[in-house]
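Each chain, written out:
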Amino acid sequence: MRPNITSLFFFLILSIISFKVSYCTIENNGTNHLCPEIEKQTLVSFKQSLEGTWNHHLSSWNISADVNCCNWEGVACDNITGHVHQLDLQFSDLGGRIDPSLLNLKHLKYLDMRSNRFEGTIPSFIGSLTSLEYLDLSYSGFQGTIPHTIGNLSNLRTLILKGDGYESQLEWLPGLSQLEYLNMNYVNLSRAGNWQQVINTLPSLVELHFVRCGLTFMAPMNNINNNISTSLAILDLSQNNEFRSFAISPGWIFQLSNLTFLDLSSNYFEGPIPNISNTTKLQNVDLSFNRFNSTIPDWLYLCKDLEFVNLRSNSLHGTISNGIANLTSLNTMSLSWNELSGEIPREIANLCKLQSLDLSVNKLNGKISDSFGNMSNCFLGALESLDLSENQFSGHLTDQVLEFKSLKTLNLAFNNLSGTIPINIVKLSSLEDLNLAGNNLTGNLPESVGKLFNLKSLLIEDNKLEGVVSEIHFANLTHLLTFFASGNHFTLNVSSNWTPPFNLFNLGLGLWNLGLGGRFPLWLQSQKDISELDLSSNGISGEVPNWIWDFPFLNLSHNHLHGKIPDIINNQLLCLSSNKFSGPLPRIGSRMTDLDLSNNSFSGDISHFITPNGTYNLQILHLEGNQLTGEIPDCLMQWSSMIVLNLANNNMFGRIPDSIGFLTNMFSLNLQNNKFSGHIPFSLRNCTGLVNVNLAGNKLVGNIPAWIGTRLLHLRFLILRSNKLSGEIPPDICHLNSLQILDLSNNGFSGIIPRCVNNFTAMASTRSLGGQYGGLVYSTYGTGSFGESVSVTTKGRESQYDTILGLVTNIDLSSNNLSGDIPIELTNLVELRSLNLSRNHFTGSIPQSIGDMKQLESLDLSRNTLSGEMPNSFRVMSALNYLNVSYNNLTGRIPESTQIQGFNASNFIGNDGLCGPPLTRNCSSAGGPKKKDDNHYKTSSSSKIEWLYVFVSLGYAVGLSVFCTTLIFKKSWREAYFEFMEEMWNSVYVYFYIKWRKLTRTSV
């Protein structure tokens, strides 16, 4: 019986427990305990004080429908007491002001009112809800300063106040001693100068988000307490553009030993990344879009838990360490847009969890076929995205590149790859995006490309590929969205009724032979979703069918198209340059941003093209090389978005309108070779971003305005040649330290060359090309770019520069009335490529330091009044391939060098005193007239040699006398010296005696 009684007892206990659980569950569901009457009335009052569509979101807040407010939507009550402890009213479209009666909810712990439409500032009485542990007022409609009473919420653990309508100095933050999570993204904290010290007072803080808050660092915080250094795990300070220098950076960040997430991206940090760090537990680090200029710190390779690394867009240099092998948890790494060099460490090929690797836009090199060495199977199976574009990799695409099993994105564009596209490329069966553009690939496009069933994007433009492309190449590419293959010599061979299996967004077939006798391919009409179409240089002729104009981004340049252009309403980019279009300019719609109609036969004026009441978003307008006439309408304020305006080589006239000053975003202005008159407009000084000002070949009068040198400080190209300008060259122009090309030729300028020309530092520093397009690019699109183009006259020929424009440096002051001597400061411009001072009235001698300009390729000093001898330093100017000093008063022997002797004799005539090759006039039998600089050099050298002998003799005499005096007065030294000499004599005598004896025995 006893066991049965025991069983009954346990059954009774279980029943009681089950009853209690059921009771608690009933209470939990709010079906038993009622919320207190005062709290229910408080919620009703709160509802009645609101505006908006709350009837929908708070429809359950109705006493007649349910007297228990614990059952109302967004309300939660305590399981035991029934007190309201949670209000979740996010995304409820609530408006108006919050009723202070909310203070009756004395047990409220959780309040979420984010994403509503409240008015005014955050009510200060919120700080009296002292039981709150969670508060979120993000994007709730409140504006202005966050009330300091928030600091009274001492129990608060989570505070979220995101929104660009807030501002604060954070003086209230130290009161939140229990705070663990703080998110104030987009709040204006620019006046919180001591924010670092304030954060240091929060010992429990685990997660901090201050994104785009305008933070500044008034001083570094060197000392941090142990609490924050051990508690903070997640830190996001990204997009605070007020950071200026890493010299006063938050060094304490790299002492946070428990930090797992760090985002300092998109700031203005400068200097090196710290070499020492305690943040070895990092899992996510983002330092991208800063100005760090160090190597990758070694401590980064010790963070074995790292999963995400983004150091994109800095100035990091050096190599990638083989210590990367330690990052066994790495999933994503981006080191793009830096200056890293060397080869890719082969240890990367053992990172089994790496899915995305971006090393693009660096200076990495090596053979692409062996960049990763022997790759592990786990690496080959894990990697999904590989971007090595815009580096210096070379070699062929071998089978090693095709071993990746999961690769979806492969970008090898703009390297030095050669050879053919391998037939086995089909092995990359998972491939979705393939970019091989801008290399030196040759051969055909293999038909196996058509078996990459998952391919969405194929970019192979700007190579040396050739051959026939047929329907087979596209047979299975049903997912293809982008196909750019311009800049190759393909021939398209498809049937006239071909229907492609794909529906493209972007298509580039520039330079192809479309095989249609100069007609547009009809199959393009089936591609209804094409946004960008490039059919440039296809040999297409005739008029453009109406359906072609439906493509928003359209490039039909360098064909044989003719006819008139309809009004362009829906296009955003249109390039029709180098065709035979005629008639008046078309009207354009508000969507148009880039328009190039250059080198056609458009005529008429542009008054209808610029309507006073029109709305335009046009950024690039290129109308060069047409037959346009009339004046520029004085309503350019309608084009406030304009960055490039090119009306060159037309027949336009009149004054340049003052409204040009409204184009404050403009980078390039080219009005050359028209008939514009009057002065350079004063309003142009408002266009402070100008890089190119080309007003050559017009009828402009007046002086060069001084404000060009003080306002247009970004100017790189100033071309005013062939006008009627006069006066002196203002010294203010020397402020243009970015200037590469200065052409003031064929005007009426007088006076001297300013001595400050050595301030043109761009002509004294090494030039380089940057980016895949080279030159100066204002706008890029899928198959090309709109870039700067400048015509430069050198060696009597006019040349057009675009892609290598960054390397061109030129000064042309020829055909003016300039006088005085050639300033020696001019020879400091050691990277200048062309200098033309001809047809002026310069006097004096050619500067002796002219040889310092070793990059000079063209030098024209003809038709001046220069005298004296040609400096011998001409001999070291190895880059010089054009030199003209004719018709001056130069004398003496022409410096002897193979290069100078190869110049035409006509470049030296008109100087009665010059002799020697390439002139036929021989110098005297004694070597011709001695050059002043030669004599000076010899005299100076002789003087130096004579003094050398004097000092050497004096030194020898003094040394010998000291030695002899010592021997005379120091007996012990004298004895030792003679003993040493005797031993030396005996040794030498014995040595030679033995040698002599051996020789005599041999001879016997």
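As a starting point, this report considers the structure included with it.

Overview of the overall build of the chain
Item 1. Within the chain, the regular secondary structure consists of ten helices and 66 strands.
Item 2. When the 1004 residues of the chain are sorted by exposure, 50% land in the buried category.
Item 3. Considering only residue pairs separated by 6 or more positions, the chain has 53% of its internal contacts joining residues 24 or more positions apart.
Item 4. Approximately 45000 Å² of the chain is accessible, and the part contributed by carbon and sulfur atoms is 52%.

Side note on the packing of aromatic side chains
Item 1. Applying the stated criterion across every chain yields a total of 22 aromatic pairs.
Item 2. Look at Trp-195 and Trp-252: their rings are 6.3 Å apart centre to centre, the planes differ by 65°, and that puts the pair in the edge-to-face class. Placement of the pair is Trp-195 in helix α4 (residues 195–199) and Trp-252 in the loop between β13 (234–236) and β14 (261–263), with a sequence separation of 57 residues.
Item 3. Among the residues examined, Trp-195 registers a relative accessible area of 0% and is labelled buried.
Item 4. Taking relative accessible area as the criterion, Trp-252 reaches 1% and is therefore assigned buried.
Item 5. Centroid distance Tyr-616 to Trp-639: 6.4 Å. Interplanar angle 85°. Geometry classified as edge-to-face. Highlighted residues: Tyr-616 in the loop between β41 (601–604) and β42 (620–622) and Trp-639 in the loop between β43 (627–628) and β44 (644–646), separated in sequence by 23 residues. This pair shows no difference in class: Tyr-616 is buried, exactly as Trp-639 is.

Some points on a nonpolar patch on the surface
Item 1. Judged by side-chain polarity, Phe-980, Met-981 and Met-984 come together as a nonpolar surface patch covering roughly 290 Å² of accessible area.
Item 2. When you line up the elements, Phe-980 lands in helix α10 (residues 971–1003).

A closer look at empty space enclosed by the protein
Item 1. This model, assessed by the stated rule, comprises seven cavities of 30 Å³ or more.
Item 2. There is about 70 Å³ of room inside the largest cavity.
Item 3. Along its surface, the largest cavity is lined by Ile-368, Ser-371, Phe-372, Met-375, Leu-386, Leu-388, Gln-400, Val-401, Phe-404, Leu-410 and Leu-412.
Item 4. Space inside the second largest cavity adds up to approximately 60 Å³.
Item 5. Around the second largest cavity sit Ile-729, Ile-733, Leu-742, Ile-753, Pro-754, Val-757, Phe-760, Ile-811, Leu-813 and Leu-826, which together line it.
Item 6. Taken together, the residues of the lining of the second largest cavity sort by class into ten nonpolar, no polar and no charged.

Observations regarding the sheet that holds strand β66 (residues 913–915)
Within a beta sheet, neighbouring strands are joined by backbone hydrogen bonds and run either parallel or antiparallel to one another.
Item 1. Pairing within the open sheet is parallel, and its three strands lie in the order β63-β65-β66. In the strand order of this sheet, the two ends are held by β63 (867–869) and β66, each with one partner. Averaged over all adjacent pairs, the angle separating strand axes in this sheet is 25°, with direction ignored.

Overview of the pairing of strand β3 (residues 84–88)
Item 1. Across three bridges, strand β2 (residues 75–77) lies against β3 in antiparallel orientation. Across the sheet, the residue bridging to Cys-77 is Val-84, located in β3.
Item 2. Hairpin geometry of β2 and β3 is characterised by an intervening segment of six residues between the two adjacent antiparallel strands and by a positive phi of about 80° at Gly-82.

Some details on the sheet that holds strand β37 (residues 560–563)
Item 1. Strand order in the open sheet formed by five strands is β35-β37-β39-β41-β43, and the pairing between neighbours is parallel. Of all the strands in the sheet, just β35 (541–542) and β43 have a single pairing partner and so form its edges.
Item 2. The pairing of strand β39 (residues 580–583) with β41 spans two bridges and is classified as parallel. Following the sheet pairing, Ser-582 is matched in β41 by Ser-601.

Focus: unusual backbone geometry
Item 1. Cis rather than trans, the peptide bond between Pro-917 and Pro-918 has omega equal to 10°.
Item 2. Along the chain, Pro-918 falls in the loop between β66 and α9 (932–969).
Item 3. With phi around 55°, Glu-390 is a residue other than glycine that occupies positive phi space.
Item 4. Counting through the fold element by element, Glu-390 comes out in the loop between β23 (385–387) and β24 (392–395).

With respect to the state of the cysteines
Item 1. All told, the structure shown has five disulfides when counted by the stated rule.
Item 2. Note on cysteine connectivity: Cys-35 is disulfide-linked to Cys-69, with sulfurs 2.0 Å apart. Placement of Cys-35 in the loop between α1 (2–28) and α2 (37–48) and of Cys-69 in the loop between α3 (54–57) and β2 is noted, with a sequence separation of 34 residues between them. Just as Cys-35 is buried, Cys-69 falls in that class too.
Item 3. Between Cys-734 and Cys-756 runs a disulfide, and the two sulfur atoms are separated by 1.9 Å.

Rules of the game
- Per chain, residue numbering runs from 1 following the sequence as it is written.
- At least 70 in pLDDT is required for a residue's local features to be given in this predicted model, at least 80 for side-chain atom pairs to be given and counted, and no such filter applies to totals for whole chains, interfaces and linings, which use all residues.
- By convention in this description, side-chain values take in all heavy atoms of the structure and omit both hydrogens and water.
- Secondary structure elements are defined from DSSP: runs of H or I of at least 4 residues count as helices, runs of E of at least 2 residues count as strands, and each element is numbered from the N terminus.
- Type-normalised accessible area, obtained with a 1.4 Å probe on protein chains alone, sets the label of each residue: buried when under 20%, exposed when over 50%, and partly exposed for intermediate values.
- Whether two residues are in contact is decided by their heavy atoms: any pair within 4.5 Å suffices.
- Only the protein chains shown count as cover for residues, and all accessible areas are computed by the Shrake-Rupley method using a 1.4 Å probe.
- Any pair of Phe, Tyr and Trp rings, taking the six-membered ring for Trp, is counted once the centres come within 6.5 Å. Such a pair is stacked with planes under 30 degrees apart, edge-to-face with planes over 60 apart, and tilted for the rest.
- Residues forming no salt bridge and having over 30% relative accessible area are the ones grouped into patches, like charges within 9 Å of each other and nonpolar side chains (Val, Leu, Ile, Met, Phe, Trp, Tyr) within 5 Å.
- Here, a salt bridge means any side-chain nitrogen of Lys or Arg that lies within 4 Å of a carboxyl oxygen of Asp or Glu.
- Definitions used throughout: a 1 Å grid over protein atoms alone; a cavity as a set of points that fits a 1.4 Å probe which cannot get out; a pocket as an open set with protein on both sides within 12 Å along at least five of seven lines; a lining residue as one with an atom within 4 Å of a point.
- Grid points are joined across faces, edges and corners, and a volume is the space filled by probe spheres set on the points.
- Polar here means any residue other than Ala, Val, Leu, Ile, Met, Phe, Trp, Tyr, Cys and Pro, which are nonpolar, and Asp, Glu, Lys and Arg, which are charged; Gly is therefore polar.
- Two strands pair if DSSP finds at least two bridges between them.
- Fitted lines through C-alpha atoms give the axes, limited to the stretch in contact for helices. The angle between two N-to-C directions lies from 0 to 180 degrees.
- A pair of sulfur atoms, both from cysteines and within 2.5 Å, is called a disulfide here.

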